[in-house]
Amino acid sequence: MPVVVVESPAKAKTINKYLGSDYTVLASYGHVRDLPAKNGSVEPDDDFAMTWEVGNDSKKHVRAIAEALKEDNALILATDPDREGEAISWHLQEALTKRRSIKKDTPVSRVTFNAITKDAVTEAMKNPRQVDMPLVEAYLARRALDYLVGFNLSPVLWRKLPGARSAGRVQSVCLRLIVEREMEIEAFKPQEYWSVRANLATPRGQSFEARLTVLGGEKLDKFSLANSTAAELAVQAVTSRKMSVLSVEAKPAARNPSAPFMTSTLQQEASRKFGMGARQCMNAAQRLYEAGLITYMRTDGIDMAPEAVAAARDEIANRYGKDYVPSEPRIYKNKAKNAQEAHECIRPTDMSRDAASLKVSEEDQRKLYDLIWKRTLACQMAGARMERTTVDVGSDDKQVVLRATGQVVLFDGFMRVYEEGRDDVVDEDDKRLPQIMQGEALKFAGSLAAQAEKAGAQASCLSDDKATLALQHHTQPPPRYTEATLVKRMEELGIGRPSTYASVITTIQDRDYVRKDKNRLIPEDKGRIVTIFLLNFFKRYVEYDFTAALESQLDDVSAGEKDYKALLDSFWRDFSAAISETSDLRISEVLDVLDEALAPQLYPPREDGGDPRLCPKCGAGQLHLKTSRTGGFVGCGNYPECNYTRPISGEGAEGYERILGEDDGDEIHLKSGRFGPYVQRGEVTPENKKPPRSSLPKQGKDFLPGWGPNEVTLEQAVTLLTLPREIGAHPDGGMVSANLGRFGPYIMHQRPDEEKPVYVNLKETLDVFEIGMNRAVEMLAEKRANPGRGRGRAAAKALKELGEHPSEGGPVNIMDGRYGAYVKWGKVNATLPKDVEAKDVTMEMAVELITEKTGKSGKKKAPAKKTAAKKKAAPKKTAAKKSATASDE
């Protein structure tokens, strides 16, 4: 009765069901040996000899396996089919041999299976082999490199940068990516540009929106309309001309499904769709694998076993019909150089089992399985077929041309089951256009006032008829990395491998080098300092191409094409020399180098042309980079006479900071924070952690004249610090207040019987200090009567109730909106044509408008509202929606 060893008890339990009583299945509980965290565990002078120790937690598990071998003198190593699994098998064999539990006559074999199913396990037992030593040697090389870098570089950081925790061969390169992205964002200068859109109506009263593409006979590029003056002239040019349809072009289009999952794409999609971190995703996948529900989850491979392809095609035909099965199976080829990492794709072991049929209690596992199951079926489904329509509208002289684009899904194909998520949402023109014919005369109709109101007076220009609108835009900095986009970038650069992505990203967060905020990775000051230090003193070892080349050499070792000790010798020769060069450096010398390297970020030029290093508190000392156990900071060189400090990023980094004067015994400060300059009463202390603050008022993207950071006075600052200002008690109860918000000045009031406050934007910034009670009550009453799209809106008034939708259910009503009457059915709002009165609308007309609005030929499900039964139907509604559009995810 052979002893079979796997990593985890869950895997042991599953395998035991398939092997039966003829085998003893035990778990090693992961790695059983590791390099001791002390000097000398890897000896470069002794041909890189490595000293291993069995961990205290692992001793009892090794002992249990040894005891079992006394009864059954045969060992089968059935750990995972990757490099780590091979290493665990090798360690077990070495540890048990050292204990003399493996004797000369003890047969030792290695088996691997890509899925924990009865067929896969049984087949593996028929094909045993020996431990793959090239794969083990690749593991040994990686482990030795990680030890040599970490154990030699980390002490340098501890000595030179108090507060730094560690450095690592891959983690430091990963951290560099995040830090450099943050520096890109900080250095980014937004550029203003404007776009013009118009609402047009066909002779049949159907409206659509088009954007300006040609002005003065010249094609517009992104920055052609550079300011509000150019935008206003463009609006006038559009509205002063009669428009007709110049061309209508409809082209067929197709979309094919994405390849099945490998490790990196699974982590990316789980992050996009569920906000899962890399570690959370892999933990859930590990449990699904051990339960026999999916194939092995650490892989660079995207190919699928022929029997799995056939099973997927059968399941597609059974569930969705033969039209969804392509004539030939889709074949996906592996791109990974390292075949040892390229196992089969991540897929369900049984294609007929959807998430609803699973018996798992963990929601993470259920969601991840559903994702894998849908992606696997989708990758073998027929492509989606669409029709994309482009309509050019212009004046007779073609001096002005506007373009409208639309898309109709003719056959949803794989989109019925699954669509890949996106890292950064792109505005796609995938709406349905009404019937438009070439040569037709068009009229400006409908209203874009709601869009104008949302943008604000300073960021929009609306024509007199409200049908043409210019909108202000600004270019955006590159987005911070999410775990998904970071994994994608690491994969593109060839940094790390499927088994390391999750642990590396977790490590840099555990070290307090990076924090995660709203799923975005933001470097801490400590992380910046470490990265700049490494870039200045160990640049070669945090270069992307060097790290990728080293990964490639390690792949050569695993393929048996390179000697791992020669690789280690080549690396250590240069790395040890770099360590020696820094050993004599004093902390002050290191800080001087880092201070100079970080100068553009730490001390940006001041608008008044003054010295950016001049201390804003004492006005005499020079600012310098300093370190502490909590990270880096900027401090005055006159310490201890002057105790001024600020972080190296965020508040005060722009150099605006100064003391404006005193009021009521408090110093009034001008500071600069993440969202721009602001004034503050007093300093942050343990007793006063959040002193009063107020941002400097803006007018559009610029500061209000006379209120900029170089102009603001003590009197103005004290006035700002009175906000929010209480105007007075409302006659209906509750206080009316005025304040400056992210989108400008506003007043706010909430009645005792209202769930949410009502907000009203003020046109002039200074109105927050001057508006009186009578005007405020009048504006609030007007907003409540005509809520539009603003916050605190009241329920719209029904002009006519038509009854239940004839085919889908749900009430259909004619509503009175701020910009005219419209048909309402659930969440669908369809504006009535200009020449149609609300009293004349019939159910038939309303259904036609709803169908046109949704673009789904009447197939939209009635919105779930009142009954429990309808609420349960809501997921079906979502699925139907995904099948009909291309941009829901």
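About the criteria used
- Residues numbered from 1 in each chain as written.
- Predicted model: local features only at pLDDT ≥ 70, side-chain atom pairs only at ≥ 80, totals over all residues.
- Heavy atoms only, no water.
- Helix = DSSP H or I, 4+ residues; strand = E, 2+ residues; numbered from the N terminus.
- Buried < 20%, exposed > 50% of the residue type's maximum accessible area, 1.4 Å probe, protein only.
- Contact = heavy atoms within 4.5 Å.
- Areas by Shrake-Rupley, 256 points an atom, 1.4 Å probe, with all protein chains shown as cover.
- Phe/Tyr/Trp six-rings, centres within 6.5 Å; stacked < 30°, edge-to-face > 60°.
- Axes fitted to C-alpha atoms, helices over the stretch in contact; angles between N-to-C directions.
- Parallel < 35°, antiparallel > 145°, perpendicular 65-115°, else oblique.
- Left-handed = near helix turned anticlockwise from the far one by under 90°.
- Nonpolar A, V, L, I, M, F, W, Y, C, P; charged D, E, K, R; others polar.
- Pairing = 2+ DSSP bridges.

*Asks:* What am I meant to see in the overall build of the protein here?
*Replies:* What the protein contains, in helices and strands, is 25 helices and 36 strands. Burial statistics for the protein: of 889 residues in total, 49% are counted as buried. A sequence separation of at least 24 residues applies to 65% of the contacts in the protein between residues at least 6 apart. Surface exposure of the protein reaches about 43800 Å², of which carbon and sulfur atoms provide 47%.

*Asks:* Hey, could you run me through the packing of aromatic side chains in this one?
*Replies:* Two numbers describe a pair of aromatic rings. These are the distance of the centres and the angle of the planes. Scanning the model with the defined rule gives 18 aromatic pairs in all. Seen in terms of ring centroids, W52 and W90 are 6.4 Å apart; in terms of plane orientation they differ by 80°. Their pairing is edge-to-face. Here W90 lies in helix α3 (residues 83-98) and W52 lies in the loop between β5 (49-50) and β6 (53-54), a separation of 38 residues in the sequence. For W52, a relative accessible area of 13% gives the class buried.

*Asks:* Explain the packing of helix α16 (residues 544-558) against helix α17 (residues 564-582) here, please?
*Replies:* How two helices sit against one another is set out by the angle between their axes and by the gap between those axes. With their axes 10 Å apart at the nearest point, α16 and α17 run at an angle of 160° to one another. Here α17 runs roughly antiparallel to α16, going by the angle between their axes. By crossing handedness, the relation of α16 to α17 is classed as left-handed. Together, F546, L550, Q553, L554 and V557 of α16 and Y564, L567 and F571 of α17 make up the contact between the two elements. When grouped by side-chain class, the residues that make up the contact of α16 with α17 number seven nonpolar, one polar and no charged.

*Asks:* I would appreciate a short explanation of the pairing of strand β31 (residues 744-749) in the present structure.
*Replies:* For a regular strand, the rule is simple: side chains alternate between the two faces of the sheet. In terms of burial, β31 is largely enclosed, as five of its six residues are buried. Here strand β30 (residues 735-741) runs beside β31; their pairing, made up of five bridges, is antiparallel. Bridged to A738 within β31 is I747. The hairpin turn running from β30 into β31, its antiparallel successor, is two residues long.

*Asks:* What exactly am I supposed to notice about the packing of helix α5 (residues 133-160) against α16 here?
*Replies:* Between α5 and α16, the shortest axis-to-axis distance is 7 Å and the interhelical angle comes to 150°. What the angle tells us is that α5 and α16 run roughly antiparallel. Two secondary-structure elements touch here, α5 through P134, L135, E137, A138, A141, R142 and L145 and α16 through L550, E551, L554, D555, V557 and S558. Looking at the contact of α5 with α16, its residues break down into eight nonpolar, one polar and four charged.

Purely geometric numbers; function is a separate question.
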